[in-house]
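Residues per chain, in single letters:
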Amino acid sequence: MRRRRLLLRGLPALLCTAGAVYGFASAPAPAQPGAGGARAAGSAQAGRRLFLQGCASCHGDDARGIPSKAPSLHGAGAAAADFYLSTGRMPLENPQDQPRKSDPVYDRAQIDDLVAYVGSLGAGPPIPEVRPARGVLSEGLRAFTDSCAGCHQVVGRGGIATSVRVPDLLSASPKTIGEAVRVGPYVMPSFGEKQIDAPTLDSIARYLRYVRHPQDRGGWGIGHIGPIPEGMVTWLLALAALVLAIRFIGERTTE
């Protein structure tokens, strides 16, 4: 009887221990960075070290900028840092040059660290979440025509405006497009939620994805170089046809 009582008293503890062991063994392993899911946030401390090595010569050790070289990064925000670093526009060899797209100098983990550091310096636009699949194509065309086509052309091919080279947008990712809209890089104006809200931004991204391979129904795309260059080509072809017609009529009159 005494043995039975001891066994009954110890049975709940034994069951709890067995359950804990089973739960630990069957629990899923923690996700590793890069093995699916979102990457863990960068380290502001590590970003500070990278900043002192590669950015402080222009932006200053305190990131408050140096006159005639680079602006202050206090309040710039994570979106600005991610845009310039992910597209290779920063760092610049010459601070007076226009930032242009190139291969990034830092890898993704280093960029995350620098973004975390710049983001810790004060409020600024966060990295937007842009999903083209949620956008409306016709709305994207309207919004892009109203706010962006004046410099980037209606087909997003870029060009030159006010002695500044306007970049091509066809290879830009949705995140890069969203960051540029919110940040306003270089001489481009920035657009907040009041000017371009999140659904409109999704629609713009969807439209820019469409113009990579637009449907040319009933016409000749001419390489999709934009309406103004296409109009010039049309006028040149019409002028050539007119010259040939005049020459043909002149030859018949001479006879």
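Here's what I pulled together on the structure shown here. All values reported here derive from a predicted model rather than from experimental measurement.

Cut-off values and rules
Residues numbered from 1 in each chain as written. Predicted model: local features only at pLDDT ≥ 70, side-chain atom pairs only at ≥ 80, totals over all residues. Heavy atoms only, no water. Helix = DSSP H or I, 4+ residues; strand = E, 2+ residues; numbered from the N terminus. Buried < 20%, exposed > 50% of the residue type's maximum accessible area, 1.4 Å probe, protein only. Areas by Shrake-Rupley, 256 points an atom, 1.4 Å probe, with all protein chains shown as cover. Axes fitted to C-alpha atoms, helices over the stretch in contact; angles between N-to-C directions. Parallel < 35°, antiparallel > 145°, perpendicular 65-115°, else oblique. Contact = heavy atoms within 4.5 Å. Nonpolar A, V, L, I, M, F, W, Y, C, P; charged D, E, K, R; others polar. Lys, Arg positive; Asp, Glu negative; His and termini not counted. Salt bridge = Lys/Arg side-chain N within 4 Å of Asp/Glu carboxyl O. Polar contact = N/O pair within 3.5 Å; in protein donor to acceptor, adjacent residues only side chain to side chain. Patch = residues over 30% accessible without salt bridge, like charges linked within 9 Å, V, L, I, M, F, W, Y side chains within 5 Å. Phe/Tyr/Trp six-rings, centres within 6.5 Å; stacked < 30°, edge-to-face > 60°.

1. Observations regarding the overall build of the protein
Helix and strand content of the protein: 10 helices and two strands. The helix and strand sequence of the protein, counted from the amino end, reads α-α-α-α-α-α-α-β-β-α-α-α. Taking all 255 residues of the protein together, 31% fall into the buried category. When the accessible surface of the protein is split by element, carbon and sulfur atoms take 60% of a total near 16,900 Å².

2. With respect to the packing of helix α2 (residues 44–54) against helix α5 (residues 108–119)
Across the interface, α2 lies against α5 with an axial gap of 7 Å and an inter-helix angle of 100 degrees. Judged on the interaxial angle alone, α5 and α2 are roughly perpendicular. For the pair α2 and α5, the contacting residues are Ala44, Ala46, Gly47, Arg48, Leu50 and Phe51 in the first and Gln110, Asp113, Leu114, Ala116 and Tyr117 in the second. A breakdown of the residues in the contact of α2 with α5 according to their chemical character gives seven nonpolar, two polar and two charged.

3. A few points about helix α4 (residues 78–86)
Note on helix geometry: an α-helix contains 3.6 residues per turn, so any two residues three or four positions apart are oriented the same way. Among the nine residues in α4, eight count as buried, and that is most of the element. Residues of α4 that are buried: Ala78, Ala79, Ala80, Ala81, Asp82, Phe83, Tyr84 and Leu85.

4. Some points on the side chain of Asp113
Tracing the sequence through the fold places Asp113 in helix α5. This buried residue, Asp113, is left without a salt bridge; Arg49 holds the nearest opposite charge, at 6.8 Å. Among the polar contacts listed, one links the side chain of Asp113 to the backbone nitrogen of Ser43, at a separation of 2.7 Å.

5. Quick notes on the pattern of salt bridges
Going through the model one piece at a time under the given rule, you end up with eight salt bridges. Of the charged contacts, one joins Arg134 and Asp202 as a salt bridge, the two residues approaching to 3.3 Å between their closest N and O atoms. With Arg134 in the loop between α5 and α6 (137–147) and Asp202 in helix α9 (residues 198–210), the pair connects residues that are 68 residues apart, well separated along the chain. On the basis of relative accessible area, Asp202 is assigned to the buried category, the value being 4%. It is possible to trace a salt-bridge network through shared partners that takes in Asp82, Arg108, Asp112 and Lys175.

6. Considering a nonpolar patch on the surface
Together, Leu239, Leu242, Val243 and Ile246 make up an exposed nonpolar region whose accessible area comes to about 390 Å². Residue placement: Leu242 occurs in helix α10 (residues 227–254).

7. Regarding the packing of aromatic side chains
According to the stated counting rule, one finds three aromatic pairs in the structure shown. With a centroid separation of 5.4 Å and an interplanar angle of 85 degrees, the aromatic rings of Phe83 and Tyr84 are classed as edge-to-face. Since its relative accessible area comes to 18%, Tyr84 is described here as buried. Arranged with centres 5.7 Å apart and planes meeting at 45 degrees, the rings of Phe144 and Tyr207 form a pair that is tilted. Here Phe144 is found in helix α6, whereas its partner Tyr207 is found in helix α9, with 63 residues between them in sequence.

8. Observations concerning unusual backbone geometry
For the bond running from Met90 to Pro91, omega is 0 degrees, close enough to zero to count as cis. Among the secondary structure elements, Pro91 is positioned in the loop between α4 and α5. Backbone geometry at Ser68 places phi at a positive 65 degrees, although glycine is not the residue there. Structurally, Ser68 can be placed in the loop between α3 (56–59) and α4. On the basis of relative accessible area, Ser68 is assigned to the exposed category, the value being 65%. For Tyr186, which is not a glycine, the phi torsion comes out positive at approximately 55 degrees. Structurally, Tyr186 can be placed in the loop between α8 (174–183) and α9. Note on Tyr186: relative accessible area 44%, which makes it partly exposed.

9. Digging into the packing of α6 against α9
If you want to describe how two helices pack, look at the angle between their axes and the distance between the axes. Orientation of α6 relative to α9, taken along the N-to-C sense of each, is 95 degrees, at an axis distance of 7 Å. Here α9 runs roughly perpendicular to α6, going by the angle between their axes. On α9, the residues that touch Leu137, Glu139, Gly140, Leu141, Ala143 and Phe144 of α6 are Thr200, Ser203, Ile204, Arg206, Tyr207, Leu208 and Tyr210. Of the residues that constitute the contact of α6 with α9, the class distribution is eight nonpolar, three polar and two charged.

Everything listed is a geometric property; what it means functionally is a separate question.
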